[in-house]
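Examining the three-dimensional arrangement
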Amino acid sequence: VVAATAESPLLTNAAQVLARSPVDRVYRLRITATVTFYDPTWPILFVQDDTDALYVPSPFGSAVPLATSNRVSLEASIGPSGQVEGAHFTLLKESGDWPVPPSISVADLESGRFDRRYVSLRGILRFASKPANHFILQLEGAGNRGFQVTVPGTLADRGIVASWLDAEVEVRGVCGSIADSGG
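Described in the following lines is the structure provided in the data block.

Reading guide: rules and limits
- Starting from 1, residues in each chain are numbered consecutively following that chain's sequence as written.
- Totals for whole chains, interfaces and linings use every residue, but because this is a predicted model, local features are given only for residues with pLDDT of at least 70 and side-chain atom pairs only at 80 or more, for both listing and counting.
- Excluded from the side-chain calculations are hydrogens and water; all other atoms, namely the structure's heavy atoms, are used.
- Two kinds of site are reported from a 1 Å grid over the protein atoms alone, namely cavities, where a 1.4 Å probe fits but cannot get out, and pockets, open sets with protein on both sides within 12 Å along at least five of seven lines, and residues are called lining when an atom falls within 4 Å of a point.
- Grid points are joined across faces, edges and corners, and a volume is the space filled by probe spheres set on the points.
- Going along the chain from the N terminus, every DSSP run of H or I of four or more residues is numbered as a helix, and every run of E of two or more is numbered as a strand.
- Remark: exposure states derive from per-residue accessible area (1.4 Å probe, protein chains only) relative to the maximum for the residue type, with buried under 20%, exposed over 50%, and partly exposed in between.
- Whenever a nitrogen or oxygen atom comes within 3.5 Å of another N or O atom, the pair is scored as a polar contact, on the condition that within protein one atom can donate a hydrogen and the other can accept it, and that pairs from neighbouring residues in sequence are kept only if both atoms are in side chains.
- It only takes one pair of heavy atoms within 4.5 Å for two residues to be counted as in contact.
- Any two strands between which DSSP finds at least two bridges are classified as paired.
- An axis is simply a line fitted to the C-alpha atoms; with a helix, the fit covers only the stretch in contact. Between two such axes, the angle follows the N-to-C directions and lies from 0 to 180 degrees.
- In these notes, a set of buried Ala, Val, Leu, Ile, Met, Phe, Trp, Tyr and Cys residues joined through side-chain atoms within 4.5 Å is what counts as a nonpolar core.
- In summary, the pairing rule links any two rings of Phe, Tyr or Trp, Trp by its six-membered ring, whose centres are within 6.5 Å, and it sorts them by plane angle into stacked for under 30 degrees, edge-to-face for over 60 and tilted for everything else.

1. Considering the layout of surface pockets
Size it by volume and the largest pocket reaches roughly 1,400 Å³. Along the walls of the largest pocket sit 46 residues, with V149, T150, V151, G173 and V174 positioned nearest its centre. It is strand β9 (residues 146-152) that contributes the most residues to the lining of the largest pocket, 7 residues altogether.

2. As for the side chain of S69
Turning to its location among the elements, S69 is positioned in the loop between β4 (53-55) and β5 (71-78). A residue is classified by how much of its surface remains accessible, and S69, at 14% relative accessible area, is buried. Among the polar contacts listed, one links the side chain of S69 to the backbone oxygen of E94, at a separation of 3.5 Å. If sequence neighbours within four positions are ignored, S69 has contacts with T34, V35, E94, S95, G96 and W98.

3. Topic: the sheet that holds strand β7 (residues 118-129)
For sheets, the rule is that strands pair by backbone hydrogen bonds, running either parallel or antiparallel. The 4 strands are arranged β9-β8-β7-β10 in an open sheet whose pairing can be described as antiparallel. Two strands close off the open sheet at either side, each with one partner strand: β9 and β10 (168-174). Looking at each pair of strands side by side, their axes are set apart by 55° on average, direction ignored. Relative to strand β8 (residues 134-140), β7 runs antiparallel, the two being bridged by 5 bridges. Note that in β8 the partner of L125 across the bridge is L139.

4. Structural notes on the nonpolar core
Core analysis: the biggest nonpolar cluster contains 20 residues, and L29, L45, V47, L54, L74 and F89 have the highest contact counts within it. Elements with a contribution of two residues or more to this core: α1 (14-18), β2 (27-39), β3 (44-48), β5 and β6 (84-93). For this core, the leading source of residues is β2, giving 6 residues. Residue contacts for V47: discarding those within four places in its chain leaves I31, A33, T34, V35, T36, D52, A53, L54, V56, V72, L74 and F89. Membership of the second largest hydrophobic core comes to 17 residues, among which are V119, L125, V169 and C175.

5. Here's the deal with the packing of aromatic side chains
Going through the model one piece at a time under the given rule, you end up with 2 aromatic pairs. Arranged with centres 5.5 Å apart and planes meeting at 50°, the rings of F46 and Y55 form a pair that is tilted. For Y55, a relative accessible area of 36% corresponds to the partly exposed category.

6. Thoughts on the environment of L18
Secondary-structure assignment places L18 in helix α1. For the pair formed by L18 and Q83, sequence separation is 65 residues and the distance between their alpha carbons is 9.8 Å. Every residue in contact with L18, bar those within four places of it in the chain, is listed here: D52, A53, L54 and R116.

7. Thoughts on the environment of N70
You can see N70 is positioned in the loop between β4 and β5. Exposure remark for N70: the relative accessible area of 4% places this residue in the buried category. A C-alpha to C-alpha distance of 5.3 Å links N70 and G96, two positions 26 residues apart in sequence. A distance of 2.7 Å separates a polar side-chain atom of N70 from the backbone nitrogen of A67.

8. Some thoughts on the side chain of Q48
Structurally, Q48 is set in strand β3. Residue Q48 is classed as buried on the basis of its relative accessible area of 10%. Looking at Q48, its side chain comes within polar contact range of the main-chain nitrogen of Y118, at 2.9 Å. Residue contacts for Q48: discarding those within four places in its chain leaves A33, T34, T36, A53, R71, P99, R116, R117 and Y118.

What follows is the structure, encoded as structure tokens:
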């Protein structure tokens, strides 16, 4: 675990974290952002401010119970790897202002340019399954290009999802890539 000191440079937005230089330094982070996704069962947490978005690993033990849509103040250290460490959250508002999601294509999704960000994407729902406590949706975008959406089970029920089969839907959520042995 990396700990910033009072002498460590202060970063005040997500874009500064992603563009930090030199990358081998330890930085302090203090931002106000919206929790765009939080699933304590995995645990996965993303926050987004007006400049960009960040992944915050394993927020277990936070003094503030977090939920998607919370407006929070986040203080942490950023180590040489760029990972947020020692995150401390202060709840500012239970329901924050959502970032305006850009509408992206499957090609944009595959490029990785929008990873971590709250986005909007349209497609036709071709298949849905519910392993464990999440729905896995297989959608087909423009040009018959497929993509997958994972939805926490508490946000939808099986009957509603089944009624969307072969319908065009718009999904909004945090964009991420899944790396496999093929890259």
